[in-house]
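The lines below spell out each chain.
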Amino acid sequence: NLALAAAAYGVRTALISRVGADFPDGFRRQLEAAGVDLRGLERVRGESSSACIIVHSARGEQMTIIDQGPMADAKYAVIPERVLAESSWVHLATGDPRYLRRVQRRALELGARVGVDPAQEVHYRWTSAELKPYLADAEILFGNEHEIAAAARLVADGDVRGLTDVVPLVVMTRGSHGARAYFRGGTIDVPSRRIPRPRDPTGAGDAFRGGFYTAWFVGESLRYCLRAGTRAAARWLTDRNRAPTPPARGRP
């Protein structure tokens, strides 16, 4: 979803991931049609693709049940060097922490900048000893309120602001309350977009990241990037075809 949202805004996007032999051709065609580079997509024989069941409450709370498939144990998986070598920025999402750390280190060696986004896995896959150096080698940490709070408990004694002693920028999505950024000079809040009839919220956080990065890569201000993210998430929640519209430059 993040790749689709970013690609819709014209960001040159590639995916590195491990899937099973049963990975749906329709998914692949959709990504290719959006212009996403899939040279880093590895089909793993004998494995079923990852699956995720997301349960939403009427109050907007969310519970996720995950079968991680080939992403569960990727300690020795091959890193697609060519894709990394052609990338100026690498966004690391969910997966085996040992593999993600290897990819992060290699990306940095090749001159890329790195954002990290452990998502729900920060609650159960990461230890303090693993997470702290991972954040220290990143430029941005993304997460929702619960995920950022969990990261703070692991590496900053529960102090969310203290996370910026480890990673320079923390971008936190807050659902209907908008988004917040913590940085070493302070905090920025932006409100959410009003949505009369929101659709299934699955993927809205990914769309936020796609919008944020679109503005980030062209050098817009941090406040603008947050607004571009909330606008992208709002479009995702209201567009029946999940086809985001790029934010107009200067008018997030």
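Keep in mind that what you see is a predicted model, and the values were worked out from it rather than measured.

A.B. asks: Lay out helix H5 (residues 128-136) in plain terms, naming residues and giving numbers.
C.D. replies: When we look at burial in H5, the residues that qualify are Leu-131, Tyr-134 and Leu-135. The buried side chains of H5 occupy one side of the element, clustering within an arc of 95° when seen end-on.

A.B. asks: If you had to explain the nonpolar core to someone new, which residues and values would you point to?
C.D. replies: Within the largest apolar cluster, 33 residues are counted, with the highest numbers of intra-cluster contacts made by Leu-92, Val-116, Leu-131, Leu-135, Leu-141 and Leu-163. Sorting elements by how many residues they give to this core places helix H6 (residues 145-155) first, with five residues. Those residues in contact with Leu-131, other than ones at most four positions away along the chain, are Val-122, Trp-126, Ala-151, Leu-154 and Val-155. Within the second largest apolar cluster, 24 residues are counted, among which are Leu-169, Ala-179, Ala-204 and Trp-236.

A.B. asks: So what's going on with helix H4 (residues 97-109)? Which residues, and what values?
C.D. replies: In this model H4 runs 18 Å from its N-terminal to its C-terminal C-alpha over 13 residues, within 8% of the 18 Å that 1.5 Å per residue would give. Within H4, the full set of buried residues consists of Pro-97, Tyr-99, Leu-100, Arg-101, Val-103, Gln-104 and Ala-107. Of the surrounding elements, those touching the buried residues of H4 are strand S1 (14-20), helix H3 (81-85), strand S5 (89-92), strand S6 (113-116) and H5. Count one or two residues on from H4 and you reach Gly-111, which has phi positive near 95°.

The rules behind these values
Residues numbered from 1 in each chain as written. Predicted model: local features only at pLDDT ≥ 70, side-chain atom pairs only at ≥ 80, totals over all residues. Heavy atoms only, no water. Buried < 20%, exposed > 50% of the residue type's maximum accessible area, 1.4 Å probe, protein only. Helix = DSSP H or I, 4+ residues; strand = E, 2+ residues; numbered from the N terminus. Arc of directions from axis to C-beta. Core = buried A, V, L, I, M, F, W, Y, C linked by side-chain atoms within 4.5 Å. Contact = heavy atoms within 4.5 Å. Expected span 1.5 Å × (residues − 1).

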